[in-house]
Amino acid sequence: MVCSKVDGVTLRFWESSHNSKEVPTYRSLVTFLKNHCAVLQSVEPNKATSDKQKKPKISVSHPTIATDPHFYQSSSIDMIIGAEYYLDLLQEGRFRLSEEGPTFQNTVFGWIVSESKCEEIFKQTTTRDEEGRFVVCLPKKRHIIEQLGESRRSAERRFISLERRFATNPQLKKLYCEFMEEYSSMGHMKEVSDAELSGSVCYYLPHHAVLKLDSTTTKLRVVFDASCKTTSGASLNDGLMVGPVVQDDLISI
């Protein structure tokens, strides 16, 4: 009778935990369930996540959404439900705040928030290389990327200014060239031919050096300026999706 109330995954886990030559007893099942529950109770939220997360800029006018008004804040875990029960929890009712906004789904526990856009981007752009590592693309706002204007002239001017610094500072030039060679050898950048650029939207990324000779670790830091505006007024940063701020603000610190 007790076994019939235990979900299949837990039951199989229990069956594999005891000696197959011994006849399982009620006491052994109770002991297992107590230990199993103790493990679940020890699970806590990720400590790396800030407990003082900022309230998301979401305006919800739906009258029934009041299950967890502070869903954006970390708190203790009350219960862990297996994925096999997910569909059983769903109820009629689903809507989105905007085309790129989160999806609200009604469940037996109330309304939950799901960022379906993240799942779509992951499925469309994420691959695995020969070593099994995930290869991800920068999440783009297509309507902004398509509006990028001309950026080569601005990048060339910045590069010429950088070469003037090289002419007066041979050590800076040496460190900069070493960085670029290492960057290329690690596969972080590659040469692009004119044929690859023709007929496609491209953005020339300006870069400059920040030199700190008294540093004991990194004396040279190369900064890539993706916020540099194109002739249309949009930059590469404008066309990239950003996640929430995970650092604590200065006031909370």
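These numbers were taken from a predicted model, which means no experiment stands behind them.

Cut-off values and rules
- Residues numbered from 1 in each chain as written.
- Predicted model: local features only at pLDDT ≥ 70, side-chain atom pairs only at ≥ 80, totals over all residues.
- Heavy atoms only, no water.
- Helix = DSSP H or I, 4+ residues; strand = E, 2+ residues; numbered from the N terminus.
- Buried < 20%, exposed > 50% of the residue type's maximum accessible area, 1.4 Å probe, protein only.
- Contact = heavy atoms within 4.5 Å.
- Areas by Shrake-Rupley, 256 points an atom, 1.4 Å probe, with all protein chains shown as cover.
- Core = buried A, V, L, I, M, F, W, Y, C linked by side-chain atoms within 4.5 Å.
- Expected span 1.5 Å × (residues − 1).
- Arc of directions from axis to C-beta.
- Pairing = 2+ DSSP bridges.
- Axes fitted to C-alpha atoms, helices over the stretch in contact; angles between N-to-C directions.
- Polar contact = N/O pair within 3.5 Å; in protein donor to acceptor, adjacent residues only side chain to side chain.
- Patch = residues over 30% accessible without salt bridge, like charges linked within 9 Å, V, L, I, M, F, W, Y side chains within 5 Å.
- Salt bridge = Lys/Arg side-chain N within 4 Å of Asp/Glu carboxyl O.
- pLDDT = per-residue confidence, 0-100.

## Comments concerning the overall build of the protein chain
Link 1 in the chain: Secondary structure summary: the protein chain contains nine helices and seven strands in total.
Link 2 in the chain: Taking all 253 residues of the protein chain together, 19% fall into the buried category.
Link 3 in the chain: Contacts in the protein chain between residues far apart in sequence, at least 24 positions, make up 48% of those at least 6 positions apart.
Link 4 in the chain: Accessible surface, the protein chain as shown: approximately 19,900 Å² in total, 55% of it carbon and sulfur.

## Brief notes about the nonpolar core
Link 1 in the chain: L162, F166, L172, Y176, M180, A209, L220 and V222 form the largest nonpolar core, which has eight residues in total.
Link 2 in the chain: Elements represented by at least two residues in this core include exactly α7 (152-168), α8 (170-185) and β7 (220-224).
Link 3 in the chain: Sorting elements by how many residues they give to this core places α8 first, with three residues.
Link 4 in the chain: For L220, the contacting residues outside a window of four places in its chain are L172, L175, Y176, F179, A209, V210 and L211.
Link 5 in the chain: Ranked by size, the runner-up nonpolar core spans six residues in total, among them I144, L148, Y203 and A234.

## Examining α7
Link 1 in the chain: The end-to-end C-alpha distance of α7 is 25 Å, a good match for the 24 Å that 17 residues give at a rise of 1.5 Å each.
Link 2 in the chain: Listing the buried residues of α7 in full gives S154, A155, L162 and F166. Along the long axis of α7, the arc covered by the buried residues comes to 130 degrees, so they all point the same way. Away from its buried face by more than 90 degrees, α7 exposes R153, R157, R164, A167 and T168.
Link 3 in the chain: Those residues of α7 that are buried are in contact with α8 and β6 (207-211).

## Observations regarding the sheet that holds strand β2 (residues 103-107)
Picture the strands of a sheet paired through backbone hydrogen bonds; they go either parallel or antiparallel.
Link 1 in the chain: In space, the three strands of this open sheet follow the order β1-β2-β3, with antiparallel pairing throughout. The open sheet has two edge strands, β1 (90-96) and β3 (110-114), and neither has a second partner. Ignoring strand direction, the axes of neighbouring strands in this sheet form an average angle of 25 degrees.
Link 2 in the chain: Where β2 lies against β3, five bridges are found, and the strand directions are antiparallel. Among the inter-strand pairings, T103 is bridged to a residue of β3, identified as S114.

## Quick look at the environment of T126
Link 1 in the chain: Looking at where T126 falls in the secondary structure, it is placed in the loop between α5 (116-125) and β4 (127-128).
Link 2 in the chain: Between the alpha carbons of T126 and V136 there is a distance of 4.7 Å; along the sequence they are 10 residues apart.
Link 3 in the chain: At 3.0 Å, the side chain of T126 and the backbone oxygen of F122 are in polar contact.

## Comments concerning a nonpolar patch on the surface
Link 1 in the chain: On the surface, M79, I81, Y85, V108 and F109 cluster together into a nonpolar patch covering about 490 Å² of accessible area.
Link 2 in the chain: Mapped onto the fold, V108 is located in the loop between β2 and β3.

## A few points about the confidence of the model for the protein chain
Low pLDDT marks regions whose predicted coordinates should not be analysed in detail.
Link 1 in the chain: Here the protein chain averages 78 in pLDDT, and 68% of its residues register 70 or above.
Link 2 in the chain: Mean pLDDT values over the elements of the protein chain span from 55, in helix α1 (residues 2-5), up to 95, in α7.
Link 3 in the chain: Counting contacts from residues 39-43, a segment whose pLDDT is below 50, to residues more than four positions away or on other chains yields three contacts.

## What about the side chain of T126?
Link 1 in the chain: Using a relative accessible area of 18% as the deciding quantity, one classes T126 as buried.
Link 2 in the chain: Not counting residues within four places of it along the chain, the set of residues in contact with T126 comprises I121, F134, V135 and V136.

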